[in-house]
Structure formats: C-alpha cells, structure tokens
Amino acid sequence: MTDIDWDELRQVATDAMRRAYAPYSQYKVGAAALVDDGRIVAGCNIENASYGVTLCAECALVGDLFMSGGGRLVAFSCVNGDGETIMPCGRCRQLLFEHASPGMLLETVSGVRTIDEVLPDAFGPYDLRHSAAREAAR
C-alpha cells in the first residue's frame, strides 16, 4: 500500500475536527488515519471540565480503529481548527506507535515522516515481552 491520498486524510481529519467538543480551550483537533486494510478511521478531541480526563483526537481515533475491526495504522494526519496540519504530542505519538504498522507515515508540520522518526527508540510491546522472557529465564 504505497499510494496515500493525503488530501483525503486531511479532509476526513477536518470533518472530524468539526465534531470536536472543546468548550474550554476552543482548540479543536481532528485526526484521520489509513488502516492496513484500506479503511480510514478518525477521531476528534473531547474536552472535560476536569482537564486531565480530556480525550485527544488520537485517543478517539484508536477507539474508532478497534470499534471498526482493528488493524494497523499505515498513514496519519492531524489538523487544528483552522485545518492546519499539526504534530501529535509525545503522549499521542506513543499511542500511535502502539497501533502503527512498521514504517507508519505521519503528515507533520515539516513534511511526511515515519513513526520511528517522530518517536525514536520508542518503548513498546516488544520491550514488555523481552523483559518477561528475561524474568522467565531466571
């Protein structure tokens, strides 16, 4: 799957952003990603008066991924309320890494990058399995 329609992903992310619930910050975010089976999943941020439980657009997107059948993310785009491409925060990069296909592409403010470029040396499921295997060997 080499052909990625970035315009379509941005449009789906923009449509998701329009559904965002951001009464406190007024900072609406929408995200969209291509799944390895060709589906597109999306999410928007959902704020909460208790700021710590606010859901990022990426969290909603991963929920949509699993609600619609699972899979691995191939390409990702995220926009703000003006439709401008924005970069996922570090927490959200970690969340995306967990559900990314190898070499997943992200549209960033500095161009298209791989998940490994935006989250180098990421901690993930391999680290947990490797640690468990080491403990079992003792």
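Before any of the text, the structure's been laid out above.
Cut-offs used in this document
Residues numbered from 1 in each chain as written. Predicted model: local features only at pLDDT ≥ 70, side-chain atom pairs only at ≥ 80, totals over all residues. Heavy atoms only, no water. Patch = residues over 30% accessible without salt bridge, like charges linked within 9 Å, V, L, I, M, F, W, Y side chains within 5 Å. Areas by Shrake-Rupley, 256 points an atom, 1.4 Å probe, with all protein chains shown as cover. Salt bridge = Lys/Arg side-chain N within 4 Å of Asp/Glu carboxyl O. Helix = DSSP H or I, 4+ residues; strand = E, 2+ residues; numbered from the N terminus. Pairing = 2+ DSSP bridges. Core = buried A, V, L, I, M, F, W, Y, C linked by side-chain atoms within 4.5 Å. Buried < 20%, exposed > 50% of the residue type's maximum accessible area, 1.4 Å probe, protein only. Contact = heavy atoms within 4.5 Å.

(A) Quick peek at a nonpolar patch on the surface. Nonpolar side chains collect at one region of the surface, where Tyr21, Tyr24, Ile46, Tyr51 and Leu55 lie side by side and expose about 530 Å² of accessible area between them. Checked against the element boundaries, Leu55 lands in the loop between strand 2 (40-44) and helix 2 (57-67).

(B) Spotlight on the pairing of strand 5 (residues 111-114). Bridge count for strand 4 (residues 100-108) against strand 5 is four bridges, and the pairing is antiparallel. What sits directly across from Leu105, in strand 5, is Thr114. Linking strand 4 back to strand 5 in an antiparallel pair, the connection comprises two residues.

(C) Up close: the pattern of salt bridges. Under the definition given, this model contains four salt bridges. Between Arg10 and Glu107 there is a salt bridge, and its shortest N-O distance comes to 2.2 Å. Note that Arg10 is positioned in helix 1 (residues 6-17) and Glu107 in strand 4, a separation of 97 residues in sequence. Through salt bridges with shared partners, one network takes in Asp7, Arg10 and Glu107.

(D) Expanded view of the nonpolar core. Leu61, Leu73, Phe76 and Met104 are the most contacted members of the largest nonpolar core, which totals 19 residues. Within the residue set of this core, elements represented by two or more residues are strand 1 (29-35), helix 2, strand 3 (73-80), strand 4 and helix 4 (115-118). Contacts of Leu73, omitting those with residues within four sequence positions, involve Ala33, Leu34, Val35, Val41, Leu61, Leu65, Leu96, His99, Ala100, Ser101 and Met104. One finds Trp6, Leu34, Val74 and Val79 within the second-largest nonpolar core, a separate group that totals 10 residues.

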